[in-house]
Amino acid sequence: MLSPRLQLKVAQKQILTPGLVQMVTVLQLNRLELKDMITQEIAENPVLEETVDGGEELTPEEVQAILESERTAEPSDQTILETVNGAATEPAGIAPDGTEAAPGFDYDPVPQTDYDGAATASADGSTATATATDTEVAPEQKTETDPFDEIDFGSFFDDYLDPGYKSPASESVEKPSFETFLSSPVTLADHLQSQLSVLVMSEPVRDAADNIIGNLDENGYLTATLEEIAESGKHTMEEVQEGLRIVQSLDPAGVGAKGVRECLLLQLESRNGRDGVAWKIVSDHLKLVETRQFKELAKVLGRPMEHIQIALDVIRHLDPYPGLRYSDRGARQVEPDVYIFKEGDEFIIQLNDDDLPQLRLNAQYRKMLDRDAEPNKEIRNYVKDRYAAALQLIKNIEQRKQTILKVCQSIVRRQLEFLDHGIDQLKPMMIKEVAEEIGVHPSTVSRAVANKYADTPQGVFELRYFFSEAVHGTAGSATPLLILKRRVKKMIEDEDPQRPLTDEQITARLKSEGIDVTRRTVAKYREDMKIPSTHQRRVRN
C-alpha cells in the first residue's frame, strides 16, 4: 500500500556558502572580467573603494577584529534588563555637565565652541578676547561705492585687444574624442542595403528584399524559406521571388543562395559562365570534384583534360562564403593574465595587475559599528554585513592570485624545455598531476587556467594549452597528444599527392619513431583536424 508518511533521517550534505561560491567565481574570471566585477562591487558596496594616495584606510585585520567584537548578539530584552537592574548609565535628557536639557531635546554629543575666554585673531596679528558678557557688537560701517568705478577698463581693453587672447569660454569647450572620427565596420547587411537604396523597384518588393537581407547569415546564405519570409512579412510569393532575384544580383556575387552549389553557380553566372564547363561541373558533377576523380569527370563531360583543368582552376577561385569578408570580427585582442620571462637562469612569474583597482576598506564607516555612536541596530548590522562582504572579496581576490601563481609555478617546472626551445619540446601534463602537487582539487586547477593567457618567451598561449594527454611509446616515453597531431599533419603535408599516405602507413611511421598508436587512433586524429581521407587526397593525372 502506498500512503504518505512522515519520516526523520540524518544525512550529511555538502552546501556551498556564499563566500565559497564567490571564491570559485572569482577564480575562473580572467583579468578583464575580474576588473569589471571589482568595479561593480565598488559601486554596490559603500565600504569598498579604490586605493588612492593618502587617506585613512582600514586593514583587513582591523576589520576582522571589529566584526569579531560585533558577534556578541544584543538581547532583545536589553531595555527591560536595564530598567529592572538599574543599569542605565545616563538618564535621558541629561547633558554631561549635569544640566538638564529641555524636554523633547536630544543632546548633541558633538562638542560646541566655547566662547568663554576664546582668543580670536585680528587682522594685524594681535589677539582680542571675547567674553560672554559682551552684549552686542558694533555694526560695521557701510560705505556706498559706485560699481562702475570698480571696473579696470585698462586691463579690460588690454586683454581683449591682445591678438593672443582667448576667451575662457573658448578654452573650456570640450573637444570631441578621437573615437568620434573612427569609422565603424561595414556589415554585410549595410553593404547590401546601400546598393538596394539606389535601385528602382516597387515598395512591396523593396520590403521583401529587406526581409531577405535580414535573414542572411554571416556566410551570406539565406536561412529562411521563401514561404516563411512571405508569411512573416505578409508578401506575395511573386514579391518575395522578385526580391530574392534582386538581392542575388547585388555584390558580392553569391549572396542569397541556399547552399554552396547555388552560391557557386551565382558567381559563375555573374562572370558570364553560364552553361560553360565549370557551370556543368558545379551543377551536376561536384561530387567528382570532391573525390578528385578528374579523369572520370573528363570522360563524363566528353572534354579533354586541358579543358577540365581550366574549369577546375576557375572553380578554385570562387568564394563559397561570400559574406565572411563583411562578417570578419577582426583580430582578437588578448590581454595576458600572467607574464613568464627569464632572468639569468631562472624564470620569473608575474601576474598582470595593470588597471586592476586596488581595493581598500573605507574607515569612515567604522564609527557606525560602535553602539555609542550609532544606536540604530539595523544600520550597524548593515555596515557590518558590508564590511564582511568587502573583506571576503579581498580575501578571494588574494586567494585567486596565489592559486594562479602556484599553478604557473608548477607549469614552469614541468615545461622548462618548451619555454627554452619551443613547442616541439612540450611535455605531457595532466590537470590531476598539478592539483596533487599544489594540494588542491582538480576542479580548482581547471578554473584557475580557464580563459587565461600567459605571455611566454615562445609567445602568448592559453594556460590550458600546456595540459595535454600523454600517448605512450614502445620505449616507455610519453608524447603529448598535441605533438602527435602535429606530426600526423606534417606527414600528410609532405606526402606525394599522387600517392598519399594511408592511415596504416602513418601508423607504421609513428611506431618506428617510438609512438605506439593504432590505425583507428590516427584516423580519429586526422578527422579531428578535418583532413580528408587518402582517397579524397589523391590527385589523378
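Treat the numbers as computed from the prediction; the structure is a model and nothing was measured.

## As for the overall build of the protein chain
And step 1. A tally of regular secondary structure across the protein chain gives 24 helices and eleven strands.
And step 2. Residues counted as buried form 30% of the 541 residues belonging to the protein chain.
And step 3. Within the protein chain, counting contacts between residues at least 6 apart in sequence, those at least 24 apart form 61% of the total.
And step 4. Taken as a whole, the protein chain presents about 36600 Å² of accessible surface, with 51% of it coming from carbon and sulfur.

## Things to note about the layout of surface pockets
And step 1. Approximately 420 Å³ is the volume found for the second largest pocket.
And step 2. As for the second largest pocket, its lining consists of 13 residues, of which L286, V289, E290, I315 and R316 are closest to the centre.

## Re empty space enclosed by the protein
And step 1. Under the criterion given, the structure shown has one cavity of 30 Å³ or more.
And step 2. In this structure, the largest cavity is lined by R31, D337, L351, N352, D353, R400 and I404.
And step 3. Its residues placed into classes, the lining of the largest cavity shows two nonpolar, one polar and four charged.

## What to know about the nonpolar core
And step 1. Within the largest apolar cluster, 28 residues are counted, with the highest numbers of intra-cluster contacts made by V338, I340, V407 and F466.
And step 2. Considering each element in turn, this core owes the most residues, six residues, to helix α17 (residues 377–414).
And step 3. Not counting the four nearest positions on each side in its chain, V338 is found in contact with I349, Q350, L351, I404, C408, Y453, A454 and D455.
And step 4. Core analysis: the next-biggest nonpolar cluster, separate from the first, contains 21 residues, L192, A209, L216 and L222 among them.

## A closer look at the confidence of the model for the protein chain
And step 1. A residue-level look at the protein chain finds 72% of positions with pLDDT of 70 or above and a mean pLDDT of 76.
And step 2. Low pLDDT, under 50, characterises residues 87–140; the stretch is placed with 24 contacts to residues that sit more than four places away or in other chains.
And step 3. Below a pLDDT of 50 lies the segment residues 159–173, which in the model reaches three contacts outside its immediate sequence neighbourhood of four places, other chains included.

Criteria and cut-off values
Numbering of residues starts from 1 in every chain and runs along the sequence as written. With pLDDT at 70 or above as the cut-off, local features in this predicted model cover only qualifying residues; side-chain atom pairs require 80 or more to be listed or tallied, and sums for whole chains, interfaces and linings still use all residues. Excluding hydrogens and water, the side-chain values take into account all heavy atoms of the structure. Under the DSSP-based scheme used, a helix requires at least four consecutive residues in state H or I and a strand at least two consecutive residues in state E, with every element numbered from the N terminus. Only protein chains enter the calculation, and the probe is 1.4 Å; a residue is then buried if its accessible area is under 20% of its type maximum, exposed if over 50%, and partly exposed in between. Residues are treated as being in contact if the distance between any of their heavy atoms lies within 4.5 Å. Computed with a 1.4 Å probe, the accessible areas rest on the Shrake-Rupley method; for each residue, only the protein chains presented here act as cover. A cavity, in this analysis, means grid points on a 1 Å lattice covering only the protein atoms where a 1.4 Å probe fits yet has no way out; a pocket is instead an open set bounded by protein on both sides within 12 Å along at least five of seven lines, and a residue lines either one if it has an atom within 4 Å of a point. Grid points are joined across faces, edges and corners, and a volume is the space filled by probe spheres set on the points. Polar here means any residue other than Ala, Val, Leu, Ile, Met, Phe, Trp, Tyr, Cys and Pro, which are nonpolar, and Asp, Glu, Lys and Arg, which are charged; Gly is therefore polar. As used here, the term nonpolar core means buried Ala, Val, Leu, Ile, Met, Phe, Trp, Tyr and Cys residues forming a set that is joined through side-chain atoms within 4.5 Å. Per-residue confidence from the predictor is reported as pLDDT, which spans 0 to 100.

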